[in-house]
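# An overview of the molecular structure
The residues making up each chain are set out below.
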Amino acid sequence: MSSNNNVARYFDTMDYGPAPESDTDAREWLARHAEGFGHFIDGRFTLAAEGAHFDTAEPATGQRLARIAQGSAKDVDAAVAAARAAQPGWFALGGHGRARHLYALARMVQRHARLLAVVEALDNGKPIRETRDLDVPLAARHFYHHAGWAQLQEREFADQVPLGVVGQIIPWNFPLLMLAWKIAPALALGNTVVLKPAEFTPLSALLFAELAAQAGLPRGVLNVVTGDGATGAALVAHEGVDKIAFTGSTEVGRLIRTATAGTGKSLTLELGGKSPFIVFDDADIDAAVEGVVDAIWFNQGQVCCAGSRLLLQEGIADDFIARLKRRMQTLRVGSPLDKAIDMGSLIDSTQLERVRSLVAAGVREGASCYQAPGALPPGGSFFPPTLLTGVQPASTVATEEIFGPVLVTMTFRTPDEAIALANNTRYGLAASVWSETIGLALGIAPQLQAGVVWVNATNLFDAGVGFGGYRESGYGREGGREGCYEYLKPRAWAQRKPRSAAASVVANEAADAKNESALALPAIDRTAKLFIGGKQVRPDGEISSGIFAANGQRAGEVGTGNRKDIRNAVAAARSASGWSSATPHRRAQALYYLAENLSARAGEFAVRIASLTGVAAKAAQAEVDASVSRLFAYGAWADKYEGTVHVPPLRGVALATVEAIGVVGVVCPDEAPLLSLVSLLAPNLAMGNRTVIVPGERHALVATDFYQVLETSDLPGGVVNIVTGPAAGLVRTLAEHDDVDALWVFGAKELSRDAERLSVGNLKRTLVDHGLATDWHDPASGEGAVFLRHATQVKNIWIPYGE
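In this report, we go over the structure that sits alongside the text. Computed from a prediction, not measured in an experiment: that's the story for all the values here. All residue numbers refer to position in the chain's written sequence, counted from 1. Where totals are concerned, whole chains, interfaces and linings use all residues; where local detail is concerned, this predicted model gives features only for residues with pLDDT of at least 70, and gives and counts side-chain atom pairs only at 80 or more. No hydrogens and no water enter the side-chain calculation; it runs on all heavy atoms of the structure.

## Considerations on the overall build of the protein
Definition in use: Numbering of helices and strands runs from the N terminus; a helix is a DSSP stretch of H or I covering at least four residues, while a strand is a stretch of E covering at least two. Throughout, the radius of gyration refers to the C-alpha atoms, and the reference size of a globule is 2.2 Å times the residue count to the power 0.38. Exposure classes here rest on a 1.4 Å probe applied to the protein chains alone. A residue is buried below 20% of its type maximum, exposed above 50%, and partly exposed in between. By the convention used here, residues are in contact when the closest approach between their heavy atoms is within 4.5 Å. For the accessible areas, the method is Shrake-Rupley and the probe is 1.4 Å, while residue cover comes only from the protein chains on display. All tallies of charge rest on Lys and Arg as positive and Asp and Glu as negative; His and the ends of each chain are not included. Lysine's charge is taken at NZ, arginine's at CZ, aspartate's at CG and glutamate's at CD.
Along its length, the protein carries 30 helices and 31 strands. In terms of overall dimensions, the protein is globule-like: its C-alpha atoms have a radius of gyration of 29 Å, near the 28 Å expected for 803 residues. C-alpha extents for the protein along the principal axes are approximately 120 × 60 × 45 Å. Split into buried and exposed, the 803 residues of the protein put 58% on the buried side. The contacts in the protein between residues at least 6 apart in sequence include a share of 76% that link residues at least 24 apart. Looking at the protein as shown, the accessible area adds up to about 30700 Å², and 53% of this sits on carbon and sulfur atoms. Of the side-chain charges in the protein, 74 are positive and 85 negative, and the distance between the mean point of each set is 3 Å.

In structure tokens form, the structure reads like this:
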């Protein structure tokens, strides 16, 4: 043994030697498909309909890895047809039958764990330690967990039915894990799937499909179509798809939202992030430094929830940066199959160039750049761990998602300043808070606009804990009970039919003239105004339009609201933020009081409803009574629709807290004018949202009567705002307004399309009916948890405990 390679030298230097993982089995599998992979459709591999293929490469070497089929519209059509044919039988199999299949998939992942881990490392460029120790075990966990939901579906989701055929588009940063996150809940709850993996990393999806068929998964239940963005666009546009679930960039998410607008497709989006990593001066600094390593250099920083913005309290900033730089010097960049490296390769040269250019932009804008020393491997798309200090909050690197191993640093003085910096982003996916004072950490967490908050930890995930974002990080949740609802729809809503066109009311001028008398005193004019900020106000345009009773007689006039009126209403709603922080008990009491005051004027409202709609007096009274009951129902829910405590497989808990969305625009239909308004307003009030209401045009006087009830019901100004006028124009204004956080639209099908299409600016959440009529008198359709879920967003706060 030479002196240069003896054991003593390694003890002295503590150098790592190479520890390569064998890729023999993976290479043999690839060799069996050397002529090229087809799509996996209806339980078997099929040739590309148009014969097109493309090559994929190993990110770490740039060498050719596999020949992949390029999917066309014909391939997508075949896959959707197979999924559609298989879906009824798959659902009819029952919860227990599906649970057994998902259990088999979980065991299959575990049996082939080494092969899946190596294929993933080759295909993606991430370290084998990460694919082996995180990606594969967590993928198996998702199938185990959702096997349980399949078993319990008939009891826990008795009022829900599956959506049908689900199109799923996954990214290249976690190909196998994202596959499991999406496939497991969809299949568990009775849907069938067409999956489109990223063009850079299709191999783990193809291997999974092959193994799933061997494990006995029925034909057509899972289909995989490979290809580029055009393939994904064909899947999004396919009329036979009932839902699209997408994980990827915010830019592509906007395109998908636009493409699906008005189609009736359900949609969940898990998009980009610029997550803050907040360290207070009482934190365990060494632990927080290790947290930073996991937050930003895990998977080379190619993580949507990467802690890419380090916010340090001023008193510890210099010490923390010094320790972090020392720790960066020990990070090793190398071959993904080396079990002793910390970072592998970026996905390809294009991503590498993007990271380089953004770092250069940060330096030009005044940041100081520090990169970990050490030679990078030859070839491939490697980039060193990078730290940018002296970054300004408005700089490019502080606002744009870099999606690489680049950390930017800023400082703060007070907790309020930390919150302001953390929320100074258009994203809202995740955040980390580090403090040894648990009261401080738990006080900060609810104020962070993010779907996931880790306390003294980072990058914790579990199948039983929902994951998803706020704002431009998308909407919807994956994992846990909340994720199950993304693949279901209310049984009552599945039976809705298109609403009938309302018969137009013909103005009856003769009836008006008959009621006029030269000898009679005219009625005192009552001008129905808009209701903004707790006050009755005239419309900005000083225009009114007539409202006619069922017999054609003019019943009154309402103001015609315009863009400025909506702007004022949204501003009033935004300023009433105290309602969102009010206690649930306070909100419950307000709803009960509102019901009390409405009940006191029940006769008046019944007469108004009968006059405007033409229904019998008894039916009008029933609508008022149902409205009072609905206010009571949501008063009851206000302090009972709560979060839960998840117990993931670690020492700690995750608190799933239910939070208000913020400002919600609500557009009401013409039918059941009082009950529909109350049914859409009350869940938002109960959950702490502030609203801008656009009443149904035909019977808007019911809403202007209702604001008189609001005035006497102890609601803060701005919590409820009412703007009357033509729905088409007001929907567009609400949808385009970036200070509106969500939009509910019930009415004509075109209104739903416009609401979804025009809301892409800030990716606001939408609840629309696509022109399908809701039976507002039926509690299964017009009341309950489905509205509460849409009126809230779930934040999961992870709290590890113990030493």
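## Considerations on unusual backbone geometry
Even without being glycine, Asn 459 reaches a positive phi, approximately 50°. Examined against the element boundaries, Asn 459 turns out to sit in the loop between β17 (452–455) and β18 (474–475). Asn 459 sits in the buried class, given a relative accessible area of 9%. Phi at Glu 542 takes a positive value of approximately 55°, unusual for a residue other than glycine. For Glu 542, the position within the fold is in the loop between β21 (535–537) and β22 (544–548). Overall, the relative accessible area of 73% leaves Glu 542 in the exposed class.

## A look at the state of the cysteines
Selection rule: The definition used for a disulfide is geometric: two cysteine sulfur atoms within 2.5 Å.
The tally for this structure, following the rule as stated, stands at zero disulfides. Cys 304 forms no disulfide, and the closest cysteine sulfur to it belongs to Cys 305, at a distance of 4.7 Å. A relative accessible area of 12% places Cys 304 in the buried class.

## Concerning the environment of His 646
Applied cut-off: Within 3.5 Å is the distance limit for a polar contact, defined as a pair of N or O atoms, with the added protein rule that one can donate a hydrogen and the other accept it, and that residues adjacent in sequence qualify only through two side-chain atoms.
Locating His 646 in the fold gives a position in strand β24 (residues 644–646). A polar contact of 3.2 Å, which involves the side chain of His 646, links it to the backbone oxygen of Gly 464.

## Some points on the sheet that holds β17
Note the following rule: Whether two strands pair comes down to DSSP finding at least two bridges between them. Only C-alpha atoms enter the line fits that serve as axes; for helices the fit covers just the stretch in contact. Angles between N-to-C directions range over 0 to 180 degrees.
Strand order in the open sheet formed by ten strands is β13-β14-β15-β12-β11-β16-β17-β31-β25-β24, and the pairing between neighbours is mixed. Pairing within the sheet leaves two strands with one partner each, and these edge strands are β13 (368–371) and β24. The mean inter-strand angle of the sheet, taken between neighbouring strand axes irrespective of direction, is 20°. Sheet topology places strand β25 (residues 652–660) next to strand β31 (residues 792–800); nine bridges connect them, and they run antiparallel.

## A look at the packing of helix α2 (residues 24–32) against helix α5 (residues 113–124)
The test is simple: Reported orientations rely on four angle classes, namely roughly parallel under 35 degrees, roughly antiparallel over 145, roughly perpendicular from 65 to 115, and oblique for the rest.
Where α2 meets α5, the axes come as close as 8 Å, and the angle between the chain directions of the two elements is 75°. The orientation of α2 with respect to α5, classified from their angle, is roughly perpendicular. For the pair α2 and α5, the contacting residues are Asp 25, Ala 26, Arg 27 and Trp 29 in the first and Leu 115, Val 118, Val 119 and Leu 122 in the second.

## Details of the side chain of Glu 21
Here Glu 21 is to be found in the loop between α1 (7–13) and α2. Only 2.8 Å separates the side chain of Glu 21 from the side chain of Arg 114, close enough to count as a polar contact. Once residues within four sequence positions are removed from consideration, Glu 21 is found in contact with Arg 114, Val 118, Ile 128, Leu 337 and Lys 339.

## Considerations on the pattern of salt bridges
Just so we agree on the cut-off: The term salt bridge refers to a pairing of a side-chain nitrogen on Lys or Arg with a carboxyl oxygen on Asp or Glu at a separation within 4 Å.
All chains considered together, the criterion is met by 36 salt bridges. Ionic pairing is found between Arg 608 and Asp 705, a salt bridge with its closest N-O pair at 2.8 Å. A residue pair is termed long-range when its members are at least 10 positions apart, and Arg 608 in helix α23 (residues 602–613) and Asp 705 in helix α26 (residues 700–711) qualify at 97 residues. Exposure class is identical for Arg 608 and Asp 705. Each is buried. Via salt bridges that share partners, Arg 254, Glu 400, Arg 426 and Glu 472 belong to a single interconnected network.

## Some thoughts on the pairing of strand β11 (residues 276–279)
Applied cut-off: Crossover handedness is defined by viewing with both strands directed away from the observer: a clockwise path from the first strand over the helix to the second marks the crossover as right-handed.
Burial of β11 is two-sided: the residues Pro 276 and Ile 278 facing one way and the residues Phe 277 and Val 279 facing the other way are all buried. Of the strand pairs in this sheet, β11 and strand β12 (residues 309–313) are connected by four bridges, and their pairing is parallel. Within β12, the residue paired with Val 279 across the bridge is Leu 312. As for the winding sense of the linkage, the β-α-β connection from β11 through helix α11 (residues 285–296) to β12 is right-handed. Judged from the three bridges that link them, β11 and strand β16 (residues 430–434) form a sheet pairing that is parallel. By the bridge assignment, Val 279 is partnered in β16 with Trp 434.

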